[in-house]
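Residues per chain are reported as follows:
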Amino acid sequence: MAAVTLAEKLCLTAAFIFFMTGLVTGIWKYRCMATSSNASAPRYVDVAHRSSLMYSFAALLLGWFAGYSMLPAWLNTAAAASALGFFALAIGTYLVHGVLRDTSNQLRKPHRLGSTTLPPWVIHSFMIVLVVAEVGGSLVLGAGALMAIW
């Protein structure tokens, strides 16, 4: 087996964790649906389930990009950690809202977190950093891979 870079290890590890989270939240979702009078799960239980599965495959894709990337290893690792970290934070946020059942839309004002109201700047700032980290990290890894193959 060829040497696996740290960026690839991070991506594969995240893919496994996200996939298992998706499977476990699927059990949670089913349980909610089975015990609900209208056979539905709370919005963020469903979102946590679906996003975990989608992010698991996104992590594999980033790992594939990292494996081909011609960019320096430190840059690939930083890009992977940045994107994966915010994938994890997004899933974590969905899990929290699923447990608390405090909202059906985390971006609707007022921004609820349990019985607390968050100031809009917190959500807005988080979303800006999330976009920069996820898109930027993915762009670095994808561009590095495309430069290597073309």
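Residues numbered from 1 in each chain as written. Predicted model: local features only at pLDDT ≥ 70, side-chain atom pairs only at ≥ 80, totals over all residues. Heavy atoms only, no water.

What about the layout of surface pockets?
Put simply, the rule reads: Here a cavity denotes grid points, spaced 1 Å and computed from the protein atoms alone, that fit a 1.4 Å probe unable to get out, and a pocket denotes an open set having protein on both sides within 12 Å along at least 5 of 7 lines; residues with an atom within 4 Å of a point are the lining. Grid points are joined across faces, edges and corners, and a volume is the space filled by probe spheres set on the points. Strands are runs of DSSP state E lasting at least two residues, helices are runs of H or I lasting at least four, and both sets are numbered from the N terminus onward. Three classes are used, and their members are as follows: Ala, Val, Leu, Ile, Met, Phe, Trp, Tyr, Cys and Pro are nonpolar, Asp, Glu, Lys and Arg are charged, and the others, Gly among them, are polar.
One number sums up the size of the largest pocket: a volume of about 280 Å³. Residue lining of the largest pocket: 18 residues in total, with Thr 93, His 97, Gln 106, Ile 123 and Phe 126 positioned closest to the centre. Elements with a contribution of two residues or more to the lining of the largest pocket: helix H3 (73-100), strand E1 (111-113) and helix H4 (120-149). The element best represented in the lining of the largest pocket is H4, accounting for six residues. Per-class residue counts for the lining of the largest pocket are twelve nonpolar, four polar and two charged.

Some remarks on the packing of aromatic side chains
In plain terms, the rule: Only Phe, Tyr and Trp rings take part, Trp by its six-membered ring, and two of them pair if their centres are within 6.5 Å. Stacked means planes under 30 degrees apart, edge-to-face means over 60, and tilted covers everything else. Classification of residues uses two cut-offs on accessible area relative to the type maximum, computed with a 1.4 Å probe and protein chains only: under 20% is buried, over 50% is exposed, and between them is partly exposed.
Taken as a whole and assessed by the stated rule, the structure comprises six aromatic pairs. Both rings, one in Phe 18 and one in Tyr 55, keep their centres 6.4 Å apart while their planes meet at 55 degrees; by these two values the pair is tilted. Residue Phe 18 is located in helix H1 (residues 6-35), and its partner Tyr 55 is located in helix H2 (residues 43-68); the two are separated by 37 residues in the primary sequence. Taking the relative accessible area as the measure of exposure, Phe 18 reaches 6% and is therefore buried. For Tyr 55, a relative accessible area of 16% translates into the label buried. Note on Phe 86 and Phe 126: the rings are 5.8 Å apart at their centroids and 45 degrees apart in plane angle, and the pair reads as tilted. Here Phe 86 is found in helix H3, whereas its partner Phe 126 is found in helix H4, with 40 residues between them in sequence. Classification of Phe 126 as partly exposed rests on a relative accessible area of 30%. Feature note: the residues Phe 18, Tyr 55 and Phe 87 constitute an aromatic cluster, connected by ring pairs.

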